[in-house]
Amino acid sequence: MSKPIYLIEEQKLRRNLSLIADVARRADVEIILAFKAFALWKTFPIFREYIHSTTASSLGEALLAFEEFGAPSHTYSPAYCEDEFDRIAACSSHLTFNSLSQYSRFHQRAARCSLGLRVNPEYSEVGTLLYNPCAPGTRFGVTADQLPEVLPSDIEGFHCHCHCESGADVLQRTLVHIEQHFSRWFPQLKWLNLGGGHLMTRRDYDVELLVSILRGLHERYPWLHIILEPGSAFAWQTGPLVSHVVDIVENKGIRTAILDVSFTCHMPDCLEMPYFPDVRGAEHVDEPQNGFLQSTEGAGKVQDGYVYRLGGNSCLSGDFMASWRFDHELQVGEEVIFEDMIHYTTVKTNMFNGITHPSIAILRDDGRLELLREFAYADYRDRMD
């Protein structure tokens, strides 16, 4: 039986990178990779053909940028720790503080960096509270009423993150609030970072509107260097997670295909967001409220197909998602392929229960399958060391 694997497709990755690089050129902005969504450093040689910088939120990410991407990072953290700050600053070209108190404490130790403040326009259209950075009571950023009229002389930029897999129309509406609250400070700045969540590689994204919005921003504030730092957009639709059926169980008429992957370990956003991933060759359907998945044609068979919950292989009771209709009865050993599973997966996996991570591979343009990483017991053991 084959092992599970995250499979990155180089052709699709280059397609996204080409689009992003084209937007940056046409709109005269800088677009950089956010490691929080994608940090597979063995693919960085491909990225460096299209972009020149990355964004980090921790010492680990800053070191990855400096050592593996080969350039200092644009760094932001909700709170820098005393024992890590000097190393973070040494790996950063831009360094953004989340609060004025963090600025006061650390700014003199980061004199070589271009310093910024994260600001909160108190507006976001992100519907899921877990992902809304501007929700009431948020710990992110400084509001306009907390800023002095004259900024400290070494503050050169504002960082504002309000989006999550959003369209250009959302940016258009958000900019109204950003400018309303903070534009009076723009003459004191050199750069404006509009954060991530700009899903410009999504098929229905209005790229022309995005370019128009950014050009308009340049016209209003020609001295500002504009930065965007999407994460998902780079790795969007660049490859699947291939899993396998290891057992099929039934309870109260509900059939569950137990897989050799875990939602909580390998696809955590599916449970956190939550959202239903696309499964190749299957259709997501609602579970009946009464008589789960039962019919006169046999348990699990509904309408024109066979319906299953998909269950992870951890001990967490909620490590499953429901339900998908297949056109055939699933068999042990059969592949179940989750589409679009490269962004926000490998960076968020965990080894709960000691479950081994799926391998990571890249399908090269010439058709070669190159294995980037396999995981084993030692990876779990060393986390406990």
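As shown above, the structure is provided for reference.
Caption draft 1: The arrangement of empty space enclosed by the protein in detail. Using the criterion set out here, one finds 1 cavity of 30 Å³ or more in the structure. Considering the residues around the largest cavity, the lining is formed by T55, H74, T75, Y76, H94, L95, T96, H159, W191, N193, I227 and E229. Of all the elements in the fold, those that place two or more residues in the lining of the largest cavity are β5 (73–76), β6 (92–97) and β9 (191–193). Partitioned by chemical class, the residues of the lining of the largest cavity number 4 nonpolar, 7 polar and 1 charged.

Caption draft 2: Inspection of the sheet that holds strand β3 (residues 33–34) at higher detail. Taken in spatial order, the 9 strands line up as β2-β10-β9-β8-β7-β6-β5-β4-β3 in an open sheet, and their pairing is parallel. With partners counted over all chains shown, the strands left at the sheet margins are β2 (30–31) and β3, one partner each. Sheet topology places β9 next to strand β10 (residues 225–228); 3 bridges connect them, and they run parallel. Paired with W191 across the strands is H225, a residue of β10.

Caption draft 3: Structural context of the packing of helix α6 (residues 168–182) against helix α7 (residues 207–220). Remark: α6 packs on α7, axes separated minimally by 9 Å, with the N-to-C direction vectors making an angle of 20 degrees. On the basis of their axis angle, the class for α6 and α7 is roughly parallel. For the element pair α6 and α7, the recorded crossing hand is right-handed. Note on element contacts: α7 touches α6 through L209, L210, I213, L214, L217 and R220, opposite A168, D169, L171, Q172, L175 and E179.

Caption draft 4: How the structure looks around α7. If you check α7, its first and last C-alpha atoms are 20 Å apart, about what 14 residues at 1.5 Å a residue would give, namely 20 Å. Turning to α7, its buried residues are V207, L210, V211, I213, L214, G216, L217 and H218. Each element contacted by the buried residues of α7 is listed here: α1 (10–27), α6, β9 and β10.

Caption draft 5: A look at the nonpolar core. Core analysis: the largest hydrophobic core is formed by 100 residues, its most contacted members being L95, F158, L194, L310 and F338. Residues in contact with F158, not counting those within four places in the same chain, are L117, V119, L147, L151, F182, W185, F186, L189, W191, L192 and N193. I5, L7, V242 and I337 belong to the second-largest nonpolar core, a separate cluster that totals 5 residues.

Caption draft 6: Quick look at the packing of α1 against α7. Across the interface, α1 lies against α7 with an axial gap of 9 Å and an inter-helix angle of 35 degrees. At the point where α1 passes α7, the crossing takes the right-handed sense. For the pair α1 and α7, contact is made by L19, V23, R26 and A27 and by V207, E208, L210, V211, L214, R215 and H218, respectively. Taken together, the residues that form the contact of α1 with α7 break down as 7 nonpolar, 1 polar and 3 charged.

Analysis parameters
- Residues numbered from 1 in each chain as written.
- Predicted model: local features only at pLDDT ≥ 70, side-chain atom pairs only at ≥ 80, totals over all residues.
- Heavy atoms only, no water.
- 1 Å grid on protein atoms, 1.4 Å probe; cavity = no way out; pocket = protein on both sides within 12 Å on 5 of 7 lines; lining within 4 Å.
- Points joined across faces, edges and corners; volume = space filled by probe spheres on them.
- Helix = DSSP H or I, 4+ residues; strand = E, 2+ residues; numbered from the N terminus.
- Nonpolar A, V, L, I, M, F, W, Y, C, P; charged D, E, K, R; others polar.
- Pairing = 2+ DSSP bridges.
- Axes fitted to C-alpha atoms, helices over the stretch in contact; angles between N-to-C directions.
- Parallel < 35°, antiparallel > 145°, perpendicular 65-115°, else oblique.
- Left-handed = near helix turned anticlockwise from the far one by under 90°.
- Contact = heavy atoms within 4.5 Å.
- Expected span 1.5 Å × (residues − 1).
- Buried < 20%, exposed > 50% of the residue type's maximum accessible area, 1.4 Å probe, protein only.
- Core = buried A, V, L, I, M, F, W, Y, C linked by side-chain atoms within 4.5 Å.

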